[in-house]
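The residues making up each chain are set out below.
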Amino acid sequence: MPLLVVEGIEKRFDHLEVLKNINFSLDQGKALAIIGASGSGKTTLLRCLNFLEYPDSGRIWVDGELLLDAGQQKRLSEADVRFRRLNFGLVFQSFHLFPQYTVLRNVTLAVELLNRGKEQTKNSAIVADARALLNQMGLSDKENAYPHQLSGGQQQRVAIARALALKPKILCFDEPTSALDPELTGEVLRVVRSLADKHTTMLIVTHEMAFARDVADHVIFMDQGIIVEEGPPDQVFGQPKEERTRQFLSRYAQGG
Amino acid sequence: MTSVQTIIGRLFGSFQLNLQLFFLTLLFSLPLGLLIAFGAMSRFKPLALLTKGFVWVIRGTPLLLQVLIIFFAPGLLDWGAPWGSGMSARFTAATVAFVINYSCYFSEIFRGGIQGVPHGQMEAGQVLGMTKGQIFRRVTLLQVIKRILPAMSNEVITLVKDTSLARIISIKEILMMAQEYTGQGLIWPLFSTGIFFLVFIGILTIVFGRLEKRLDYFRV
Ligand SMILES: Nc1ncnc2c1ncn2[C@@H]1O[C@H](COP(=O)(O)OP(=O)(O)OP(=O)(O)O)[C@@H](O)[C@H]1O
Ligand SMILES: [Mg+2]
């Protein structure tokens with residue numbers, strides 16, 4: 001059974017239908033890339049999974065558990081949302097690190113807060129975990145730096161460590177390299193690649209087509225709020241079935 | 001002829017009134033300003049509109065006028081004597097007027113500071129499973145403080161000088177006291193009040209400078 005099942009997600013902003021009947025699933029340990037033109041609804045989809053937007057209808061299952069049945073059950077309470085969204089982690093396009101905390105504190109803060117009053121994990125263990133993650137991100141020497149002292153690529157790697165610290169079942173990336181100078185995208189993509197090699201279950205929205213083709217097990221092409229085409233990367237990028245996919249990809253090949 | 005020591009002593013004494021008005025105004029208008037800021041940002045539209053309208057009126061009219069109205073209105077409109085009687089009534093009325101006026105100014109500073117924090121900061125906290133309270137205390141608050149310190153510093157310094165407006169309802173604050181000596185042909189007491197203000201504002205400037213320096217370690 002797939003780790004994540006998304007069924008019939010719809011989302012409207014006023015009269016604009018941004019997501020129309022989105023269905024897909026994702027297996028444990030796999031990486032799913034979502035590509036598509038600007039405005040096609042990719043960010044909105046990730047935001048729905050992370051409960052930053054509330055879909056108008058649709059269901060989300062993780063690990064066989066029905067997390068959300070929008071439009072059916074009554075709207076989830078704040079506290080319910082808070083625990084359910086922890087199934088997912090989200091890495092934003094523009095990092096959103098907490099500027100007043102050191103790199104290490106950025107990674108440990110949320111874990112410590114969740115652990116409050118439970119005392120399941122010692123704070124020293126949380127710090128040790130965070131250090132291991134930073135090491136994995138190649139940032140061991142930066143744990144005492146503040147976000148503004150880091151390059152964009154380093155900031156994004158801290159953000160990835162921060163998201164991983166909560167051990168989400170599915171890690172979502174929303175164009176993790178779009179805010180970076182071209183020479184810094186490589187270091188972030190390498191980190192995502194290494195996560196894929198370790199079979200982290202990931203959902204990656206990206207405009208880096210070569211990267212998507214290389215790292216993803218499955219690719220979804222979205223246009224105007226619907227999934228137009230999906231399949232293994234070699235098929236979607238190599239022999240797209242749909243005219244719209246071909247058009248989109250050829251625009252990218254020409255550097256548009 | 002009054003001796004120099006006596007005059008300086010009296011100036012000191014009357015400056016206490018300026019200081020009391022200053023500290024009482026700060027004490028009440030800071031929390032009240034935060035409350036007004038939340039009101040103006042409320043998603044409940046009538047409350048937001050009402051609050052914004054109130055702030056607009058208070059900021060759009062002279063503090064002097066507000067002091068006069070708050071002091072005289074209850075008596076003239078037969079509302080009893082909410083401020084009590086005698087000198088303390090004058091001081092209470094002035095304090096109330098100052099608190100209302102300054103909470104409105106502070107509320108605008110708070111609102112700007114809170115709304116200036118990028119929404120992504122809240123969302124980052126949310127996806128990390130933090131509660132609204134945790135996000136405010138752990139993520140937003142310090143960023144807001146850092147953002148508003150320069151504006152707060154300006155406003156607080158203005159408040160020090162504004163305390164002299166209390167003389168409009170015959171509160172014998174330092175300027176009024178000094179002015180009395182012009183009747184004796186003395187101008188220096190008036191000049192010397194400037195020193196009182198300069199010293200106190202100098203201290204405040206140092207305090208705010210230190211606070212800003214303390215928060216220099218990060219960027220927003
Ligand atoms: N909060 C909102 N209110 C109203 N409209 C919105 C909101 N968020 C997104 N939209 C609209 O929904 C559509 C899809 O937006 P979305 O950000 O999901 O696209 P995207 O595929 O992520 O695009 P991009 O590649 O530019 O990031 C756009 O037309 C956008 O203007
Ligand atoms: Mg987007």
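Residues numbered from 1 in each chain as written. Chains lettered and ligands numbered in written order. Predicted model: local features only at pLDDT ≥ 70, side-chain atom pairs only at ≥ 80, totals over all residues. Heavy atoms only, no water.

1. A short note on the overall build of chain A
Put simply, the test is: Think of it this way: any DSSP run of H or I at least four residues long counts as a helix, any run of E at least two long counts as a strand, and we number them from the N terminus. Throughout, radius of gyration means the C-alpha value; the globule benchmark is 2.2 Å times the number of residues raised to the power 0.38. Partly exposed describes any residue whose relative accessible area lies between the buried limit of under 20% and the exposed limit of over 50%, with all areas from a 1.4 Å probe on protein chains only and scaled to the type maximum. By definition in these notes, contact holds between two residues if any of their heavy atoms fall within 4.5 Å. Here the open area of atoms and residues is found with the Shrake-Rupley method and a 1.4 Å probe, where only the protein chains shown may cover a residue. All tallies of charge rest on Lys and Arg as positive and Asp and Glu as negative; His and the ends of each chain are not included. Charged groups are reduced to one reference atom each: NZ for lysine, CZ for arginine, CG for aspartic acid, CD for glutamic acid.
Scanning chain A from N- to C-terminus turns up nine helices and 10 strands. Taking 18 Å as the expected radius of gyration for a compact globule of 256 residues, we find that chain A reaches 18 Å, a close match to that expectation. Seen through its principal axes, chain A has C-alpha atoms that stretch 55 × 45 × 35 Å. Out of the 256 residues in chain A, the part that is buried amounts to 57%. Considering only intrachain contacts with a sequence separation of at least 6, the fraction spanning at least 24 residues in chain A is 63%. Counting only carbon and sulfur atoms, one obtains 45% of the accessible surface of chain A, whose full area is about 11400 Å². Positive and negative side-chain charges of chain A, numbering 30 and 32 respectively, have mean locations separated by a distance of 4 Å.

2. Topic: the environment of V96(B)
All names here are of chain B. Position of V96 among the secondary structure elements: in helix 4 (residues 86-116). With 63 residues separating them in the primary sequence, V96 and G33 have C-alpha atoms 14 Å apart. The contact partners of V96, leaving out residues within four places of it in the chain, are I70 and W83.

3. Overview of the site of ligand 1
Residues and elements named next belong to chain A. Rule in force here: Note on definitions. A residue lies near a molecule or strand when any single heavy atom of the residue is within 4 Å of it. Distance and chemistry together define a polar contact, namely a pair of N or O atoms within 3.5 Å, with one atom able to donate a hydrogen and the other to accept it when in protein, and with adjacent residues in sequence counting only for side-chain atoms on both sides.
In the region of ligand 1, 13 residues are neighbours, and S38, G39, K42, T43 and T44 sit closest. Contact distances for ligand 1 include 3.2 Å between an oxygen atom and a side-chain N or O atom of E175. Secondary structure elements with two or more residues in the shell around ligand 1: strand 2 (16-26) and helix 1 (42-49). Looking at the shell around ligand 1, the element that brings in the most residues is helix 1, giving three residues.

4. Remarks on the pairing of strand 4 (residues 57-62) of chain A
Residues and elements named next belong to chain A. What counts is decided by this rule: Strand pairing is assigned whenever DSSP detects at least two bridges linking the two strands.
Alternating residues of strand 4 divide into G58, I60 and V62, all buried, and S57, R59 and W61, none buried. Bridge analysis of strand 1 (residues 4-13) against strand 4 gives five bridges, and the strand direction is antiparallel. Across the sheet, the residue bridging to V5 is W61, located in strand 4. Note that strand 4 and strand 5 (residues 65-70) share five bridges and pair antiparallel. Bridge pairing in strand 5 places V62 opposite E65. Linking strand 4 back to strand 5 in an antiparallel pair, the connection comprises two residues, with D63 at a positive phi of about 55°.

5. Some thoughts on the confidence of the model for chain B
As a reminder of what qualifies: Note: pLDDT gives the predictor's confidence per residue, expressed from 0 to 100.
In this model, chain B carries a mean pLDDT of 95, and residues with pLDDT of at least 70 account for 100%. In the predicted assembly, ipTM is 0.94 and pTM is 0.91.

6. Comments concerning the packing of helix 5 (residues 152-164) of chain A against helix 6 (residues 182-197) of chain A
Residue and element names in this part refer to chain A. Put simply, the test is: Axis definition: a line fitted to C-alpha atoms, over the contacting stretch in the case of helices. Angles run 0 to 180 degrees between N-to-C directions. Any angle that falls under 35 degrees is termed roughly parallel, while one over 145 is termed roughly antiparallel, one within 65 to 115 roughly perpendicular, and all others oblique. Working rule for handedness: look at the near helix, and if it is turned counterclockwise from the far one by less than a right angle, call the crossing left-handed; if clockwise, right-handed. Throughout this entry, Asp, Glu, Lys and Arg are counted as charged residues, while Ala, Val, Leu, Ile, Met, Phe, Trp, Tyr, Cys and Pro are counted as nonpolar. The remaining residues, Gly among them, count as polar.
Where helix 5 contacts helix 6, the axes come no closer than 8 Å and their chain directions differ by 25°. It follows from the interaxial angle that helix 5 and helix 6 lie roughly parallel. At the point where helix 5 passes helix 6, the crossing takes the right-handed sense. Residue-level inspection shows G152, G153, Q154, Q156, R157, I160 and L164 of helix 5 in contact with helix 6, the latter providing L184, E187, V188, V191, V192 and L195. Here the contact of helix 5 with helix 6 is composed, by residue class, of seven nonpolar, four polar and two charged.

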